[in-house]
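Notes for the structure review
Read off the chains here:
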Amino acid sequence: MEKIKILHIDSNHPILWAQLEEAGFINEADYKSTKAEVEAKIAGYHGIVIRSRFDIDRQFLDAATNLHFIARVGAGLESIDRDYAAEKGIHLIAAPEGNRNAVGEQALGMLLSLFNNLNKADREIRNGQWVREGNRGHELDGKTVGIIGYGNMGRSFAKKLRGFDVEVLCYDIKPFVGDANAKQVSLEELQEKADVLSLHTPHTPETHRMIDAGFINAFEKPFWLINTARGKSVVTKDLADALRSKKILGAALDVLEYEKSSFEQLFTTDIPEEFQYLLDSDNVLLSPHIAGWTFQSHERLAQVIADKIKELYHGNTFANDEQP
């Protein structure tokens, strides 16, 4: 164990470093080097711990000749060439268990805020406006909530809905994932019945720009959209058009089509017209990819990663795990 060297290229909660060190691993940190600089020395390490600083592609993996594992302190692994890593026998570790509760809570909070115009009402009060009728809200009771993607995050959101008198439906590409909190149905049934759509999917070729005009118009009823998953699953222009036509009654977006994987400044050029429409809309609630970003999840994510790395070397290996 004392010979296993791990390179940390993003800072994380200190318990991750401390627990790995206590278990006999050699930790080294490099939070500033470029991808090329890290790539030039990665052959000297057996493991790498990342968040979202840069993508790990085939060239990087070819350079990582001694790599046993890549651990991402987050829910998804889409920043890694997963197929090529698997070919090379590199274990991929993610921690969707670490922030699923935080995501479920924020999805519910955003939905309730959207239903009750809380962001709009707050702005009006601060500007000296006392508008009651214009902020009459909707009750969640009696609605049907559709969840697409019923892994860790989808299940967490469904669990939060148990206190409401709602029907919860889920759709997932995997069979038999429904449970006591959500009935698994076909996509067509979900689109027929849902009043609310909440996305909890990873970014894959199948989910890339999935929520487009055709997908939206397949819904039987006007609906509210919640996205705490991946921004590139939603075509912003088609969302703006659906908001204009009132096919979508309101949207709460923690993630955006335009955001970068490393979370740098959102725009370095002019703001797209369709996004400006979202910024100007009272029935749109926005947050900067923070649904899983709580003080508690910060520690929990690190703990999950530490546990999984230790488990890997204690002989209880596990499948490459991505189940947001």
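In this text the structure is predicted, and so the values were computed from the model without any measurement.

**Let's talk about the overall build of the protein chain**
Across its full length, the protein chain holds 12 helices and 12 strands. Scaling as 2.2 N^0.38, a compact globule of 324 residues should have a C-alpha radius of gyration of about 20 Å, and the protein chain matches this with 21 Å. Expressed along its principal axes, the backbone C-alpha trace of the protein chain runs to roughly 65 × 45 × 35 Å. Buried positions account for 51% of the 324 residues belonging to the protein chain. For the protein chain, long-range pairs separated by at least 24 residues make up 62% of all intrachain contacts whose partners lie at least 6 apart in sequence. Summed over its atoms, the accessible surface of the protein chain is roughly 15700 Å², and 50% of this surface lies on carbon and sulfur atoms. Each charge sign in the protein chain was given a centre, from 37 positive and 49 negative side chains, and these centres are 2 Å apart.

**Observations concerning a positive patch on the surface**
A surface patch of like charges, here positive, comprises Arg100, Lys159, Arg162 and Arg300. For Arg162, the location among the structural elements is in the loop between helix H7 (152-160) and strand S7 (167-171). Exposure remark for Arg162: the relative accessible area of 57% places this residue in the exposed category.

**Concerning a nonpolar patch on the surface**
A cluster of nonpolar side chains, contributed by Ile271, Leu279 and Leu286, occupies part of the molecular surface with about 220 Å² of accessible area. Residue class for Leu286 comes out partly exposed when judged on its relative accessible area of 32%.

**Overview of the packing of aromatic side chains**
Summed over the entire model, instances satisfying the criterion amount to seven aromatic pairs. Here the aromatic rings of Phe54 and Phe60 are separated by 5.8 Å at their centres, their planes lie at 50°, and the arrangement is tilted. Neither residue differs from the other here; Phe54 and Phe60 are each classed as buried. Here the aromatic rings of Phe69 and Tyr313 are separated by 6.1 Å at their centres, their planes lie at 75°, and the arrangement is edge-to-face. One end of the pair, Phe69, is in strand S4 (residues 69-72); the other, Tyr313, is in helix H12 (residues 295-313), with 244 residues separating them in the sequence. In this structure Phe69 comes out as buried when scored by relative accessible area, which is 0%. Put simply, the rings of Phe25, Phe69 and Tyr313 touch in pairs and so form one group of aromatic residues. Seen from the ring of Tyr45, Lys5 lies directly overhead, with NZ or CZ sitting 4.9 Å from the centre. When the ring centre of Tyr277 is taken as reference, the NZ or CZ atom of Arg244 above it lies at 4.2 Å.

**Regarding the pattern of salt bridges**
Taken as a whole, this structure holds 15 salt bridges when the rule is applied. Put simply, Lys88 and Asp62 hold a salt bridge, and the shortest N to O gap is 3.3 Å. Separated by 26 residues along the polypeptide, Lys88 in the loop between helix H4 (82-87) and strand S5 (91-93) and Asp62 in helix H3 (residues 58-63) bring together distant segments of the chain. The exposure class assigned to Lys88 is partly exposed, which follows from its relative accessible area of 38%. Residue Arg123 pairs with Asp282 through a salt bridge whose shortest N-O separation is 3.0 Å. Residue Arg123 is located in helix H6 (residues 118-126), and its partner Asp282 is located in the loop between helix H11 (273-280) and strand S12 (284-286); the two are separated by 159 residues in the primary sequence. Look at Arg123 and you get partly exposed, because its relative accessible area is 37%. Judged by relative accessible area, which is 39%, Asp282 ranks as partly exposed. Among the charged side chains, a salt-bridge network with shared partners connects Lys237, Asp241 and Arg244.

**Some thoughts on the sheet that holds strand S3 (residues 47-50)**
In space, the five strands of this open sheet follow the order S2-S1-S3-S4-S5, with parallel pairing throughout. One side of each edge strand has no neighbouring strand; the edge strands of this open sheet are strand S2 (26-29) and S5. Ignoring which end each strand starts from, the neighbouring axes of this sheet average 20° apart. Of the strand pairs in this sheet, S3 and S4 are connected by four bridges, and their pairing is parallel. Looking across to S4, one finds that Gly47 is bridged to Phe69. Running over the sheet, helix H1 (residues 14-22) touches strand S1 (5-8), S2 and S3 and is turned about 145° from S2. With respect to the sheet, H12 is in contact with S1, S3, S4 and S5, its orientation differing from that of S4 by roughly 165°.

**Side note on unusual backbone geometry**
With a phi angle near 65°, Lys246 is a residue other than glycine that sits in the positive phi range. Note that Lys246 resides in the loop between helix H10 (236-245) and strand S11 (248-253). In this structure Lys246 comes out as exposed when scored by relative accessible area, which is 58%. Positive phi outside glycine occurs at His289, with the angle close to 55°. Structurally, His289 can be placed in the loop between S12 and H12.

Thresholds, definitions, all that
Residues numbered from 1 in each chain as written. Predicted model: local features only at pLDDT ≥ 70, side-chain atom pairs only at ≥ 80, totals over all residues. Heavy atoms only, no water. Helix = DSSP H or I, 4+ residues; strand = E, 2+ residues; numbered from the N terminus. Rg over C-alpha atoms; globule rule 2.2 N^0.38 Å. Buried < 20%, exposed > 50% of the residue type's maximum accessible area, 1.4 Å probe, protein only. Contact = heavy atoms within 4.5 Å. Areas by Shrake-Rupley, 256 points an atom, 1.4 Å probe, with all protein chains shown as cover. Lys, Arg positive; Asp, Glu negative; His and termini not counted. Charge placed at Lys NZ, Arg CZ, Asp CG, Glu CD. Patch = residues over 30% accessible without salt bridge, like charges linked within 9 Å, V, L, I, M, F, W, Y side chains within 5 Å. Salt bridge = Lys/Arg side-chain N within 4 Å of Asp/Glu carboxyl O. Phe/Tyr/Trp six-rings, centres within 6.5 Å; stacked < 30°, edge-to-face > 60°. Lys NZ or Arg CZ within 6 Å of the ring centre and 35° of its normal. Pairing = 2+ DSSP bridges. Axes fitted to C-alpha atoms, helices over the stretch in contact; angles between N-to-C directions.

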